[in-house]
Amino acid sequence: MRFGMPWPGRDVGREAEQAGVGAFCAGEFADHDAYLTVADIVANTEHALAGPAIAYAFARTPYAHATALRHLHAQAPGRLFLGLGSAAFRINRDWLGVPPERPVNRIAETVGAVRAWLHAENGEKVQYSGEFYALDADVRAPVLGRLDIPVLLAAFNTRMATTAGRTADGVIGHGLFTGSWWNDVVRPSVERGATGRDHIDAHSLEHGWIITAIDDAAPERAIADARRMIAFYLTVKTYDPFVAHHGWEEPVARLRAAFRAGDTDGMERAVTDEMLTEIAVCGTTAEAKDTLARRVGSLPRDVGYFAPPSFMVSRRRRAAYAQASLALIGAVPEGA
């Protein structure tokens, strides 16, 4: 597994690449754009992989996704990947102003239409025909040429994971993922989707986020931040199949009640020790290394993004967590 992290900014990012971090990713939200962040990554690194993990799939047209990647490719050839996520129903409807229905079908077509632009050769029309997108572009300028940039889908539940196996080059796992969720749910779903594809590689790519909070001086605070991050994620009902799979309905009901009451301490207390140890890497450096040694089989196979908690955590503390996580480089050998 290649050690990665969400882009921690130029100063920490340069130090991280020199220390051995092999991939950086960029998320997005109302205050930051995925592709602008990827541009910052490629301008301030030399060898690491770089890409959105994730970009909101429906916030842009397939043309816009592909054009951004072509622009970035000129500066970082061979280093890019594209991670797309369908986003939540309300984000699509209320923030982006796009149809929120049938996101799985729509994102499958998005992958195909983005690839039509990325794979287009000079002198050929860019064509795609589907329910949601229809392309018939005649670009009369020698600015195209095939780019084989991997396209990954943020896949939590079975249907999206199956779609990733059928249409994309792999998946991006959520920070909540456990070994059981990878092995019993996501991987089998990806494999089902990939059955019969004549162009599939040896295996679908696996990237994934790992909640990571290390502080040797104040490990209790790091553990509390990890618990609150887990709790915040689990307020979303999309993850109910994951909760049921692990038998965590009772603590999740408590943390959701605390969330509705604005009780962040109650949210933290509701996260059990089992949930913490199965999901997060946190505490002291030594404890984190022990956790990784135990969880080798529960991590994404290709790239793991050791991600600081963000819920109620300051930028300064997130940067400190990012720097502290560099001590984990080598704790999980590549290929493990």
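Above this text you will find the structure in question.
Residues numbered from 1 in each chain as written. Predicted model: local features only at pLDDT ≥ 70, side-chain atom pairs only at ≥ 80, totals over all residues. Heavy atoms only, no water.

> Requested: an account of the pairing of strand 6 (residues 126-129), with residues and values cited.
In this sheet, strand 7 (residues 134-137) lies alongside strand 6 in antiparallel orientation, the contact comprising four bridges. Residue pairing for strand 7: V126 is matched across the bridge by A137. With antiparallel pairing between neighbouring strands as the criterion, strand 6 and strand 7 make up a hairpin whose turn holds four residues. (Pairing = 2+ DSSP bridges. Helix = DSSP H or I, 4+ residues; strand = E, 2+ residues; numbered from the N terminus.)

> Report on the nonpolar core, specifying residues and quantitative values.
With 96 residues, the main nonpolar core has L80, L84, I230, L234 and F242 as its most contacted residues. Looking at this core, the element that brings in the most residues is helix 5 (residues 103-118), giving eight residues. Residues I54, I91, V303 and Y305 belong to the second largest nonpolar core, which totals twelve residues. (Core = buried A, V, L, I, M, F, W, Y, C linked by side-chain atoms within 4.5 Å. Buried < 20%, exposed > 50% of the residue type's maximum accessible area, 1.4 Å probe, protein only.)

> Got a sec to walk through the environment of P8? Specific residues and values, please.
Structurally, P8 is set in the loop between strand 1 (2-6) and helix 1 (10-19). Residues P8 and A222 lie 214 residues apart in sequence; the distance between their C-alpha atoms is 17 Å. With residues up to four places along the chain from it excluded, the contact list for P8 reads G13, F24 and A322. (Contact = heavy atoms within 4.5 Å.)

> How would you explain helix 8 (residues 219-233) if you had to name every residue and give the values?
Across its 15 residues, helix 8 extends 21 Å between first and last C-alpha, which sits within 8% of the 21 Å expected from 1.5 Å per residue. Looking only at helix 8, the buried set comprises P219, A222, A224, D225, A226, R227, R228, M229, I230 and A231. Here the buried face of helix 8 lies against strand 10 (205-214), helix 10 (249-260), helix 11 (264-270), helix 12 (273-279), strand 11 (281-283) and helix 14 (315-325). (Expected span 1.5 Å × (residues − 1).)

> Any chance you could break down a negative patch on the surface for me, citing the residues and the numbers?
On the surface, a cluster of negative charge is made up of D216, E220, E287 and D290. Along the polypeptide, E220 turns up in helix 8. (Patch = residues over 30% accessible without salt bridge, like charges linked within 9 Å, V, L, I, M, F, W, Y side chains within 5 Å. Areas by Shrake-Rupley, 256 points an atom, 1.4 Å probe, with all protein chains shown as cover. Salt bridge = Lys/Arg side-chain N within 4 Å of Asp/Glu carboxyl O. Lys, Arg positive; Asp, Glu negative; His and termini not counted. Charge placed at Lys NZ, Arg CZ, Asp CG, Glu CD.)

> Which residues make up the pairing of strand 9 (residues 170-173), and what are the values?
Of the two faces of strand 9, the one carrying G170 and I172 and the one carrying V171 and G173 are both buried. Bridge analysis of strand 8 (residues 151-154) against strand 9 gives three bridges, and the strand direction is parallel. Note that in strand 9 the partner of L153 across the bridge is V171. As a crossover connection, the stretch from strand 8 through helix 6 (residues 158-167) into strand 9 is right-handed. Summarising the sheet, strand 9 and strand 10 pair through four bridges and their orientation is parallel. Residue I172 lies in a different strand from strand 10, and its bridge partner there is H207. (Right-handed = clockwise from strand over helix to strand, strands pointing away.)

> Can you explain the packing of aromatic side chains? Please cite residues and give values.
Tallied over the full model, the rule gives 15 aromatic pairs. Centroid distance F156 to W181: 5.7 Å. Interplanar angle 45°. Geometry classified as tilted. Placement of the pair is F156 in the loop between strand 8 and helix 6 and W181 in helix 7 (residues 179-194), with a sequence separation of 25 residues. Chaining the aromatic ring pairs together yields one cluster made of F156, F177, W181, W182, Y239, F242 and W248. (Phe/Tyr/Trp six-rings, centres within 6.5 Å; stacked < 30°, edge-to-face > 60°.)

> Outline the side chain of H207, listing residues and values.
Looking at the element boundaries, H207 is found in strand 10. Polar contacts involving the side chain of H207 include one to the side chain of Y305, which spans 2.8 Å. (Polar contact = N/O pair within 3.5 Å; in protein donor to acceptor, adjacent residues only side chain to side chain.)

> Can you tell me about the side chain of R256, naming the residues and giving the values?
Structurally, the position occupied by R256 is in helix 10. For R256, the side chain forms a polar contact with the side chain of D240, separated by 2.7 Å. Non-local contacts of R256, meaning those with residues more than four positions away in its chain, are made with L234, T235, V236, K237 and D240.

> Summarise the state of the cysteines; cite the residues concerned and give the values.
What the rule picks out here adds up to zero disulfides. The structure places no disulfide on C25, whose sulfur is separated from the nearest cysteine sulfur, that of C282, by 19 Å. Judged by its relative accessible area of 1%, C25 is buried. The exposure class assigned to C282 is buried, which follows from its relative accessible area of 10%. (Disulfide = S-S within 2.5 Å.)

> Describe the environment of V12, with residues and values.
Structurally, V12 can be placed in helix 1. A relative accessible area of 11% means that V12 is categorised as buried. Taking the C-alpha atoms as reference, V12 lies 23 Å from D302; in sequence the two are 290 residues apart. In this view, V12 contacts A322 and Q323; residues no more than four positions away in its chain are not counted.

> Lay out the packing of helix 3 (residues 62-73) against helix 5 in plain terms, naming residues and giving numbers.
Taken N-terminus to C-terminus, the directions of helix 3 and helix 5 make an angle of 45°; their axes are 8 Å apart at the nearest point. What the angle tells us is that helix 3 and helix 5 run oblique. For helix 3 against helix 5, the interelement crossing comes out right-handed. Contacts between helix 3 and helix 5 involve P62, Y63, H65, A66, L69 and R70 from the first element and A113, V114, W117 and L118 from the second. (Axes fitted to C-alpha atoms, helices over the stretch in contact; angles between N-to-C directions. Parallel < 35°, antiparallel > 145°, perpendicular 65-115°, else oblique. Left-handed = near helix turned anticlockwise from the far one by under 90°.)

Honestly, it's all geometry; don't read function into it.
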